[in-house]
Amino acid sequence: EKKAPGPPPVPESGSGTFHVAAAPRRSQLGATTFRVEVEQDLVLDLGEVAAFIDETLADPRGWSTAHRMVRVDGEADIRIVLATPETTDLLCAPLDTDGRLSCRNGGIVVLNAWRWEHGADAYGDDITNYRRYLINHETGHALGYAHATCPGESNVAPVMLQQTKGLNGCEPNPWPAIV
């Protein structure tokens, strides 16, 4: 029996050059604008990544409950970039991501492509919800939210808990709002 092929390997380093996803034309009045970029060296579909980020941020459990967010393809309040581990390290400096963590550095949300493809122990094989967590956690920092702690054993983890590093007794949760 043949096993389905896994995700394409993520190169450890890339050019640091990004493709910007085209954005639908929508009113930006009163909105926090964001731009989606994927490092050109990654074998990921830019449109699919942008659509997934849009869907995640606009979900009723996402940041749309507290913030109006609109994707643009020009100047933006927040750049959400998916980058190789080495480029992630460079964009996150002076924060040490050790090639495996993601970050927010100023107006840039840096999603580590290695994590995007491999997830974290807290989510097991649930890559989709891990990606939602990654987007919501790092975008939360860009919106001004700090890290949170687990409120108690078996509680739902706050999205601002560093779930990539562990759950501290909480249950995994990719959303800022529970509806």
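About the criteria used
Residues numbered from 1 in each chain as written. Predicted model: local features only at pLDDT ≥ 70, side-chain atom pairs only at ≥ 80, totals over all residues. Heavy atoms only, no water. Helix = DSSP H or I, 4+ residues; strand = E, 2+ residues; numbered from the N terminus. Rg over C-alpha atoms; globule rule 2.2 N^0.38 Å. Buried < 20%, exposed > 50% of the residue type's maximum accessible area, 1.4 Å probe, protein only. Contact = heavy atoms within 4.5 Å. Areas by Shrake-Rupley, 256 points an atom, 1.4 Å probe, with all protein chains shown as cover. Lys, Arg positive; Asp, Glu negative; His and termini not counted. Charge placed at Lys NZ, Arg CZ, Asp CG, Glu CD. Polar contact = N/O pair within 3.5 Å; in protein donor to acceptor, adjacent residues only side chain to side chain.

Enquirer: Can you help me understand the overall build of the protein chain in this one?
Expert: Helix and strand counts for the protein chain come out as four helices and six strands. In sequence order, the protein chain lays out its α and β elements as β-β-α-β-β-α-β-β-α-α. Taking 2.2 N^0.38 as the reference for a compact globule, 179 residues should give roughly 16 Å; the C-alpha atoms of the protein chain span a radius of gyration of 16 Å, in line with that estimate. Here the protein chain holds 179 residues, and the buried ones make up 46% of them. Taking the intrachain contacts of the protein chain between residues at least 6 apart in sequence as the baseline, contacts between residues at least 24 apart amount to 61%. Accessible area for the protein chain stands at about 9,000 Å²; split by element, carbon and sulfur atoms hold 49% of it. For the protein chain, the distance from the average position of its 15 positive side-chain charges to the average position of its 24 negative side-chain charges is 4 Å.

Enquirer: Would you mind showing me how to read the side chain of His67 here?
Expert: One can find His67 in the loop between helix H1 (46–58) and strand E3 (69–71). Given the relative accessible area of 18%, His67 is considered buried. At 2.9 Å, the side chain of His67 and the side chain of Tyr145 are in polar contact. In this structure His67 touches Leu143 and Tyr145, once residues within four positions along its chain are discounted.

Remember, this is a structural readout, not a statement about activity or role.
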